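Each chain, written out:
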Amino acid sequence: MSLKKQFLKSKPVCKVTFRLSKEDANGAKDAKLVGSFTSWEEDAIGMKALKSGDFTAIVSLPAGESFEYRFVTSDGAWINDSDADAFADNGLGESNSVVSTIA
């Protein structure tokens, strides 16, 4: 898993590339990206399957903020990103991944 960030000079936006590895997806046929930026809607952002078996999604997020997120696989597993900027307690006995767009 990895996070790549590209801050745009023309507007206060950060393009974030999220990646879920094949190993972490554990054989899932598809994956979704959900988080505070999608109101936790499970079908909000479909991730693209790569030839390697990894999944990826690129999302434009407002710069200067932090967002919680997780990956949801086709088998219903909720997965954290081991490369997240931080982790936050979600009040359900688990944690959420956090991405920061603060430059």
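Computed from a prediction, not measured in an experiment: that's the story for all the values here.

Asks: Account for the environment of Asp89, naming residues and giving values.
Replies: When you line up the elements, Asp89 lands in strand S9 (residues 86-89). Judged by its relative accessible area of 62%, Asp89 falls in the exposed class. Ignoring anything within four residues of it in the chain, the contact list for Asp89 reads Glu94 and Ser95. Here Gly91 takes part through its backbone nitrogen, which lies 2.8 Å from a polar atom of the side chain of Asp89.

Asks: Describe the pattern of salt bridges, and please don't skip the residues or the numbers.
Replies: When charged atoms on two side chains of opposite charge get close, those side chains can pair. Scanning all chains against the criterion turns up three salt bridges. Between Asp85 and Lys5 there is a salt bridge whose closest N-O contact spans 2.6 Å. Remark: Lys5 occurs in strand S1 (residues 2-7) and Asp85 occurs in the loop between strand S8 (78-79) and S9; sequence separation between them is 80 residues. The partly exposed category is assigned to Lys5, whose relative accessible area is 34%. In this structure, Asp54 and Arg19 form a salt bridge, with 3.0 Å as the shortest nitrogen-oxygen distance. Separated by 35 residues along the polypeptide, Asp54 in the loop between strand S5 (48-49) and strand S6 (55-62) and Arg19 in strand S2 (residues 13-20) bring together distant segments of the chain. For Asp54, a relative accessible area of 13% gives the class buried. When its relative accessible area of 29% is taken as the criterion, Arg19 is described as partly exposed.

Thresholds, definitions, all that
- Residues numbered from 1 in each chain as written.
- Predicted model: local features only at pLDDT ≥ 70, side-chain atom pairs only at ≥ 80, totals over all residues.
- Heavy atoms only, no water.
- Helix = DSSP H or I, 4+ residues; strand = E, 2+ residues; numbered from the N terminus.
- Buried < 20%, exposed > 50% of the residue type's maximum accessible area, 1.4 Å probe, protein only.
- Contact = heavy atoms within 4.5 Å.
- Polar contact = N/O pair within 3.5 Å; in protein donor to acceptor, adjacent residues only side chain to side chain.
- Salt bridge = Lys/Arg side-chain N within 4 Å of Asp/Glu carboxyl O.

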